[in-house]
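Each chain, written out:
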Amino acid sequence: MAETAYLPRVAIRGSESLDAPRHSAVVRITHWITAFAFVGLLISGIAILIAHPRLYWGETGARDGPSLIDLPIPFMIGHSGWGRYLHFLSAWVSVLTGVVYAAHGLLTPHFRKDLLPGKRNFRWGRIWRIVWDEMRWKRPTEEEALTYNVVQRLAYLAVVFVLFPLIILTGLGMSPAIASVVPIVRSGFGGQQSARTIHFFVAVALLLFVFVHIAMVCLAGFSNRVGTMITGRTAGRKEPS
Amino acid sequence: MSERISRRKLITTGIAAAAGAGGLAVAARLADRYGLIPPDDGGIYGVGETVTYATQRLLTGRHAMAREYTRSDISRIAPVKGEPPENEIYQRLVAGGFADWRLKIDGLVARPSFFSLAELKRLPAERHIYHQACEEGWSFIAEWIGVPLSHVLNQVGVLQQAKYVVFYGFDTNFDAGDKHTIKGKWNSIDMADAWHPQTVLAYGMNGRDELPPGHGAPLRVRIPRQLGGKSTKYLAWINVTDTVKDIGQGWGAGGVERGFSWYAGI
């Protein structure tokens, strides 16, 4: 009797933990909106960049003066008017979505539980082993895939708390209207051209993150992981080993 | 237990959605009333433009000042975009040293007027050294010498209904009878920028009492809180109006047709 009463309870508990969504609805929705907005920002950002593919440092810089970096893109490609329209529309979508995500992450245990690495895991040996396994294209086990490892946690924290705020601030630093109200968004980066240059490099860092992110999704099982980010549920035992 | 939570969730979501929709409707009405909607507010891109313009206008108003630099900050090279107009009227004015040039100011003003270059130069002159960036990405610092637009507007007496100041240069067909057919680099600004103390009608640059040809001689406006493209060159006519819907495509600037947004405070 005692055994039969015990077993269903285990079964219920087991199914509960399987039923609890791997990603909350807010995380899933904001993830996909941000993904679409990022594509818009990337396309329009490239369109804006190729209008003047040179980077400078300080307040000013122009074609006939000295530059910091000349990107290997010809000037002939010229300027596309729609670039800034699309860039700003996508930027607003991404910023407002980011505000919802950040509020959710702070009000729920999401940041603390899912992103903050435990002290125990924050060791170079462990970090190096994870990166080494990933470089050798070693698939994570089902158990490992249930939670973020320390490298994932650090990468997500860097994107959410460093790269995203930095790309917004450097973007604002290029705005003459915003710089007239909050001069430090421009002077803090060393000038309008410095803000533009940093904006470019942060965008490159975000793009690299997206590449590695997609590669890791492929490694862990593309349709499975993408399905989890859409429905919130893991496919459980059907996961390839 | 879980049913109760889901019902509570449903009710709160419903209330939040209703409040959100109601809030949006109120926001749209207020935005229109306080002039927070740009002329190029149509289509999907118009949504982004409206949010940008409204946010920046609420933050900047009339009192936020662009940084003023010192003489030693002035860029050695002041690049220009585009060539001076090649049409006959403009070339004739250039040949005559702009002695026959007159700036027409009319529209919603008490005293429509014409100003010669000499008359403008007799008005109190100001010198501003500020940063100017192009939409493309390059930038420079230069000194601009001229009379504040607000001074000239006070002379002609702006009427209360005024919402925009429209600038037409010699690179537009500003003298077209039908305003809908106007093309080229005409542009407009709202009254917050028109009255802004750093907005000047510049006739000189970098210590000299005249503008180099490519920089908009004989007169251009300088709007330091927006990208350089807003600072219309080769001015012929300034018109004060309450709507820009009847000019060109009705989007507030000729550049919008080519995909450049009207508000350029970015």
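Quick caveat, the model's predicted, so the values are computed rather than measured.

Conventions adopted
Residues numbered from 1 in each chain as written. Chains lettered and ligands numbered in written order. Predicted model: local features only at pLDDT ≥ 70, side-chain atom pairs only at ≥ 80, totals over all residues. Helix = DSSP H or I, 4+ residues; strand = E, 2+ residues; numbered from the N terminus. Pairing = 2+ DSSP bridges. Axes fitted to C-alpha atoms, helices over the stretch in contact; angles between N-to-C directions. Contact = placed C-beta atoms within 7 Å. pLDDT = per-residue confidence, 0-100. Buried ≥ 20, exposed ≤ 12 C-beta atoms within 10 Å, placed from the backbone. Parallel < 35°, antiparallel > 145°, perpendicular 65-115°, else oblique. Left-handed = near helix turned anticlockwise from the far one by under 90°. Nonpolar A, V, L, I, M, F, W, Y, C, P; charged D, E, K, R; others polar.

Here's the deal with unusual backbone geometry
At the junction of alanine 217 of chain B and proline 218 of chain B, the peptide bond is cis and its omega measures out at 5° in the coordinates. Mapping proline 218 of chain B onto the fold places it in the loop between β7 (200-205) and β8 (220-222).

Notes on the sheet that holds strand β4 (residues 139-148) of chain B
Residue and element names in this part refer to chain B. Strand order in the open sheet formed by 4 strands is β3-β4-β7-β8, with antiparallel pairing between adjacent strands. Edge strands, defined here as strands with exactly one partner in the open sheet, are β3 (126-133) and β8. Pairwise comparison of adjacent strand axes, ignoring direction, gives a mean angle of 55° for this sheet. Two elements, β7 and β8, share 3 bridges in a ladder whose sense is antiparallel. Note that in β8 the partner of valine 200 across the bridge is arginine 222. In the packing of helix α5 (residues 149-156) onto the sheet, the strands contacted are β4, β7 and β8, and the crossing angle to β4 comes to about 25°.

Some points on the interface of chain B and chain A
On the side of chain A, 31 residues touch chain B, which itself brings 36 residues to the contact. At the level of elements, α2 (43-60), β3 and β4 of chain B are the ones that each hand at least two residues to the side of chain B that touches chain A. With 10 residues, α2 of chain B is the largest single contributor of residues to the side of chain B that touches chain A.

What about the confidence of the model for chain A?
Detailed conclusions should not be drawn from predicted coordinates in areas where pLDDT is low. All names here are of chain A. Residues of chain A with pLDDT of at least 70 account for 88%, and the chain-wide mean is 87. Mean pLDDT across the elements of chain A ranges from a minimum in helix α1 (residues 2-19), with 45, to a maximum in helix α8 (residues 184-187), with 97. Counting contacts from residues 1-17, a segment whose pLDDT is below 50, to residues more than four positions away or on other chains yields 0 contacts. A low-confidence stretch, residues 237-241 stays under pLDDT 50, and its non-local contacts, those more than four residues away or across chains, total 5 contacts.

A short note on the pairing of strand β2 (residues 113-116) of chain B
It is a general feature of regular strands that their side chains alternate between the two faces of the sheet. Pairing geometry for strand β1 (residues 102-107) of chain B and β2 of chain B, over 4 bridges, is antiparallel. Looking at the pairing, lysine 104 of chain B lines up with phenylalanine 114 of chain B of β2 of chain B.

Notes on the pairing of strand β9 (residues 235-241) of chain B
Residue and element names in this part refer to chain B. Within β9, 5 of the 7 residues are buried, which leaves the element mostly enclosed by the surrounding structure. Bridge count for β1 against β9 is 4 bridges, and the pairing is parallel. Its bridge partner being in β9, glycine 107 is matched across the sheet by valine 240. Examined bridge by bridge, strand β5 (residues 164-169) and β9 share 6 bridges and lie antiparallel to one another. Across the sheet, residue glycine 169 finds its bridge partner in β9, namely leucine 235.

Comments concerning the packing of helix α2 (residues 25-49) of chain A against helix α3 (residues 82-107) of chain A
Residue and element names in this part refer to chain A. It is at 8 Å that the axes of α2 and α3 come closest, and there the two elements cross at 155°. If you check the angle between α2 and α3, you find them roughly antiparallel. Considering how the two elements wind past one another, α2 and α3 form a crossing that is left-handed. Here the residues of the contact of α2 with α3 are counted per class, giving 14 nonpolar, 11 polar and 1 charged.

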